[in-house]
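Residues per chain are reported as follows:
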Amino acid sequence: MKSKTSKMSLVLAGICCVSLLRATPLRAEDQPYIAGQDIYRLYNENTGEHFYTSSSYEKARLVVAGWVFEGVGWIAPEEGEAVYRLYNPNADGGDHYYTTNLDEANSLVSLGWSIDNDAKPVFFSGGETDLYSAYNPNAKSGSHNYTTSRAEQDALIGAGWTYDQVAWKVLDEGYVETDPTLYERLAGQEFVKNIWGYAGGPSAFLTINADGTYRETNVRMSVRQGINAEYSEFTGKLSDPIKVDDYTWKAHVISSDLAQPVNTIIDEGVKGKKIMLEPFAGLYASMDFYIASPDKPIEEFPAFVQQQYAKYKNYIKEDFPGSYVLYTPDGMTFMDIVNH
């Protein structure tokens, strides 16, 4: 999947044939443009299924429900051969299948599948780019994968997937829309307080630099006699943030290193007290996380974030009304910025 920094809304249709009677070459301005639409790709970490949709609303709802947004799977034409999406409610975790063959769709319905989207096409086929499909005979959910990446397809086939074939044609390859300027905007600010804290202590401090490197320190009070606090410190590198919607970016930890040795007791510098340096919590490779802007509506956050907002609404919304929020999909980390 390619990486782009801007959204493609129009895709140039490739036309190879030129009439022998034409005295001059076919100019670029003579070639028609075909309107294209992004087909979003999402992943369910609990079932192993990928889901594909052209609906930004459906994408947003699935992200709120816990699905991971992976970017644009491919560019599809806005009209052409219909592609239907079917759902198998009898599969463990549910399963979706996509086909351009209406007879095949009807055959699956007779076996207990249902056609999504009121039996209307979910998107269309057309173009010059191959969209590959592969089948995992051992999967109960997510048994079919669709990609424009030959490398991804080869990796699946090498891992035991079957049915290496072209499902249909599309206008262009998939991509992720990155926003490297996000870290530049956050540079110099500090995310603080791991609210849940059961694994990471009552306080956490995270700074992200403009180049995507980071430093995180986690602190908790010590239960050991003679030591008043424990903390661990991590440094590492983050991936370019992928734009999920107008308010949210997704990224992951490329690398992380413990900046302090394990179980080292050092002087605190105050009245002879000591602290213990101990690794716990922190952003580990390859952990995924989200960063949400202050404008993100509360109802568009996952349920566990909404619960934290409700629990700490005075702290978050009144004390820090313009704060960006960082959280992990599993809900173990929830941090906000205090320096504006």
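Note that the coordinates shown come from a computational prediction; the quantities given were computed from them, not determined experimentally.

**Observations regarding the overall build of the protein**
Part 1 of the reasoning: A count of helices and strands for the protein gives six helices and 24 strands.
Part 2 of the reasoning: Residues counted as buried form 45% of the 340 residues belonging to the protein.
Part 3 of the reasoning: A fraction of 62% describes how many contacts in the protein between residues 6 or more apart in sequence connect residues 24 or more apart.
Part 4 of the reasoning: Element-wise, carbon and sulfur atoms account for 51% of the exposed surface of the protein, whose accessible area totals about 16900 Å².

**Comments concerning the sheet that holds strand S11 (residues 144–147)**
The strands making up a sheet associate through hydrogen bonds between their backbones, and the pairing can be parallel or antiparallel.
Part 1 of the reasoning: One open sheet holds the three strands; their spatial order is S11-S10-S12, and the pairing between them is antiparallel. Of all the strands in the sheet, the pair left with one neighbour each is S11 and strand S12 (162–170). This sheet shows a mean twist of 25° between the axes of neighbouring strands, independent of strand direction.
Part 2 of the reasoning: Sheet topology note: the strand S10 (residues 129–135)/S11 ladder contains four bridges and is antiparallel. The residue of S11 that forms the bridge with Tyr 132 is Thr 147.

**Some points on the packing of aromatic side chains**
Part 1 of the reasoning: Using the criterion set out here, one finds 17 aromatic pairs in the structure.
Part 2 of the reasoning: An angle of 25° between the planes, with centres 5.6 Å apart, marks the rings of Tyr 290 and Tyr 327 as stacked. Of this pair, Tyr 290 sits in strand S22 (residues 288–292) while Tyr 327 sits in strand S23 (residues 325–327), and the two are 37 residues apart along the sequence. Each member of the pair, Tyr 290 as well as Tyr 327, is classed as buried.
Part 3 of the reasoning: Put simply, the rings of Tyr 52, Trp 74, Tyr 98, Phe 123, Tyr 146 and Trp 168 pair up and form one aromatic cluster.
Part 4 of the reasoning: Taking NZ or CZ as reference, Lys 59 lies 4.4 Å from the ring centre of Tyr 40, over its face.

**Quick word on the pattern of salt bridges**
Part 1 of the reasoning: The final tally for this structure, using the stated rule, is 10 salt bridges.
Part 2 of the reasoning: Residue Asp 154 pairs with Arg 150 through a salt bridge whose shortest N-O separation is 2.7 Å. Of the two residues, Asp 154 and Arg 150 both sit in helix H3 (residues 150–158), four residues apart, roughly one turn of that helix.
Part 3 of the reasoning: Take Asp 154: its relative accessible area is 42%, and that puts it in the partly exposed class.
Part 4 of the reasoning: The exposure class of Arg 150 is partly exposed, given its relative accessible area of 30%.
Part 5 of the reasoning: Arg 150 serves as the salt-bridge partner of Asp 164, at 2.8 Å between the closest nitrogen and oxygen. With Asp 164 in strand S12 and Arg 150 in helix H3, the pair connects residues that are 14 residues apart, well separated along the chain.

**Remarks on the pairing of strand S15 (residues 203–208)**
Part 1 of the reasoning: Burial along S15 is one-sided: the residues Ala 204, Leu 206 and Ile 208 are buried and none of Ser 203, Phe 205 and Thr 207 is.
Part 2 of the reasoning: When strand S14 (residues 190–192) meets S15, the two strands line up antiparallel, connected through three bridges. When the sheet's bridge partners are listed, Glu 190 is paired in S15 with Thr 207.

**Considering the nonpolar core**
Part 1 of the reasoning: Leu 42, Trp 74, Tyr 98, Phe 123, Tyr 146, Trp 168 and Tyr 327 are the most contacted members of the largest nonpolar core, which has 41 residues in total.
Part 2 of the reasoning: Broken down by element, the residue count for this core peaks at six residues, all from strand S5 (residues 68–77).
Part 3 of the reasoning: Excluding its chain neighbours within four sequence positions, the residues that come into contact with Tyr 327 are Thr 248, Phe 289, Tyr 290, Ala 292, Lys 296, Phe 301, Pro 302, Phe 304, Val 305, Thr 333 and Phe 334.
Part 4 of the reasoning: Within the second largest apolar cluster, 20 residues are counted, among which are Phe 191, Ala 204, Leu 238 and Trp 249.

Rules used throughout
Residues numbered from 1 in each chain as written. Predicted model: local features only at pLDDT ≥ 70, side-chain atom pairs only at ≥ 80, totals over all residues. Heavy atoms only, no water. Helix = DSSP H or I, 4+ residues; strand = E, 2+ residues; numbered from the N terminus. Buried < 20%, exposed > 50% of the residue type's maximum accessible area, 1.4 Å probe, protein only. Contact = heavy atoms within 4.5 Å. Areas by Shrake-Rupley, 256 points an atom, 1.4 Å probe, with all protein chains shown as cover. Pairing = 2+ DSSP bridges. Axes fitted to C-alpha atoms, helices over the stretch in contact; angles between N-to-C directions. Phe/Tyr/Trp six-rings, centres within 6.5 Å; stacked < 30°, edge-to-face > 60°. Lys NZ or Arg CZ within 6 Å of the ring centre and 35° of its normal. Salt bridge = Lys/Arg side-chain N within 4 Å of Asp/Glu carboxyl O. Core = buried A, V, L, I, M, F, W, Y, C linked by side-chain atoms within 4.5 Å.

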